[in-house]
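Observations on chain architecture
Now for the letters of each chain:
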Amino acid sequence: MKKILVVDDSGVQRKMIIQIVQKAGFANETLEAEDGSKAIEILAANFEDTALVLCDWNMPNMSGLEFIEAIAQVPAVAGIPVVMVTTEGTEDKIAEAKAANPNLAGYIAKPFTPDVLKATITPILEAAG
Amino acid sequence: MEIQDQVYNAIRDSVANTLETTLSLSPELLQQDGSGAAIAQDDVIASCIDLEGGINGKLCVSFDNNSACRIVSKMLGMDIEEINNDVYDGVGEILNMIAGGMKMSLAKTDVGVNIGLPVKSDRASVREDIKQDESISINEEFRCPEDISFSVILKYKLDQKDAGQKKEPPSTTTKTLSPLDKLNMLLAKQNTEKKEDNTNKQP
Ligand SMILES: [Mg+2]
């Protein structure tokens with residue numbers, strides 16, 4: 001079963017997201033990164049078996065936007081579904097993220113309920129098998 | 001509606017929405033422009049975020065130690081009895097969501113605001129931040145069921161000429177290598193390692 005990469009500068013938020021994923025019945029291994037730079041390192045080492053990236057926007061060192069923009073340009077990782085999970089929920093920001101990564105698979109504005117996260121990731125993970 | 005009223009409403013709605021959505025908690029507004037009872041406590045876990053754009057200033061939340069432990073326990077679904085990194089981190093993330101919600105509400109009006117990253121703070125700094133000067137202050141105290149109380153403190157100045165304009169967010173990035181270069185470099189390195197691996201395996 002493929003892995004899920006959770007990128008957020010808040011460790012508590014990462015744990016909350018992972019708990020929701022597990023309670024929703026997905027037994028995928030989860031990987032964690034606290035900023036875009038760490039996420040690049042982890043993805044480079046795991047890109048062949050990563051099913052989904054859940055990514056925050058506002059983080060130190062390298063933002064989620066810079067991260068998803070970079071992966072969209074590299075064929076080896078461009079196809080990995082990315083869902084943004086962020087407080088940046090205004091329409092102009094959503095448009096900016098879609099422009100940075102045209103393959104964006106979903107957009108969740110914080111705060112969100114477990115049901116919203118579950119509904120967004122279920123079809124993606126089911127398609128990944 | 002005056003910008004000040006829009007800001008007031010945006011904060012109040014965002015506090016309620018953040019706690020209701022994330023933790024199914026309904027906060028009750030105890031005091032508007034309160035005396036700062038929650039920050040008068042000796043033990044305070046606080047976090048602040050910079051605001052830039054149509055309004056410029058700082059948004060802070062402040063919990064007494066027990067309330068901070070209780071709310072982060074709820075976030076993580078486990079009992080936390082002593083202050084640890086998760087408590088500071090969780091309080092910062094609650095503030096982050098409140099600030100994000102405020103930003104979203106204000107975007108529907110004509111006030112564009114960008115938010116920074118939550119920064120751990122303490123009683124002395126928050127008190128310093130809310131000292132009287134020409135800025136507008138909001139200091140609201142909330143109480144939720146399960147004995148969780150906290151204050152939300154906003155101090156800001158209106159930037160009339162920038163109201164409605166979207167500024168670039170405060171930069172938090174220090175770069176040596178571009179994200180794309182870094183990713184390409186790491187993938188190339190892995191490729192080389194794999195090739196070397198395969199060469200070594202050949203008889
Ligand atoms: Mg963040």
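Thresholds applied
Residues numbered from 1 in each chain as written. Chains lettered and ligands numbered in written order. Predicted model: local features only at pLDDT ≥ 70, side-chain atom pairs only at ≥ 80, totals over all residues. Heavy atoms only, no water. Donors = N, O, S within 2.8 Å, 3.2 Å for Na, K, Ca; no water. Buried < 20%, exposed > 50% of the residue type's maximum accessible area, 1.4 Å probe, protein only. Helix = DSSP H or I, 4+ residues; strand = E, 2+ residues; numbered from the N terminus. Pairing = 2+ DSSP bridges. Contact = heavy atoms within 4.5 Å. Buried area = accessible area lost by both parts, 1.4 Å probe. Salt bridge = Lys/Arg side-chain N within 4 Å of Asp/Glu carboxyl O. Polar contact = N/O pair within 3.5 Å; in protein donor to acceptor, adjacent residues only side chain to side chain.

Another point: the coordination of the magnesium ion. Metal coordination angles have textbook ideals: 109.5 degrees for a tetrahedral set of four donors and 90 or 180 degrees for an octahedral set of six. Summarising the metal site, the magnesium ion is bound by the protein donors Asp9(A) (OD), Asp56(A) (OD) and Asn58(A) (O), whose distances to it range over 2.1 to 2.4 Å. The buried category is assigned to Asn58(A), whose relative accessible area is 13%.

Turning to unusual backbone geometry, a few remarks are in order. For the bond from Lys110(A) to Pro111(A), the omega torsion is -5 degrees, close enough to zero to count as cis. Within the fold, Pro111(A) resides in the loop between strand E5 (106–109) and helix H6 (114–128). Its identity as a non-glycine residue notwithstanding, Ser24(B) has a phi of 50 degrees, on the positive side. In this fold, Ser24(B) is placed in the loop between helix H1 (3–23) and strand E1 (28–31).

Looking now at the pairing of strand E3 (residues 55–64) of chain B. Residues and elements named next belong to chain B. With respect to burial, E3 is a largely interior element, 7 of its 10 residues being buried. In this sheet, E3 lies alongside strand E2 (residues 44–53) in antiparallel orientation, the contact comprising 8 bridges. In the strand pairing of E3, Leu-51 is matched with Gly-57. Between E2 and the antiparallel strand that follows it, E3, lie 1 residue. As paired strands, E3 and strand E7 (residues 148–158) are joined by 9 bridges and run antiparallel to one another.

Moving on: the interface of chain A and chain B. Between chain A and chain B, the contact holds 39 residues from the first and 35 residues from the second. Taking both sides of the interface into account, the surface hidden between chain A and chain B amounts to around 3,200 Å²; carbon and sulfur atoms contribute 61%. Looking at the side of chain A facing chain B, the largest losses of area belong to Val12(A), Thr87(A) and Pro111(A), adding up to 19% of the total buried there. Across the pair Lys110(A) and Glu93(B) runs a salt bridge, and its minimum N-O distance is 2.7 Å. For the pair chain A and chain B, the number of links is 11 residue pairs in polar contact (both at pLDDT 80 or more).

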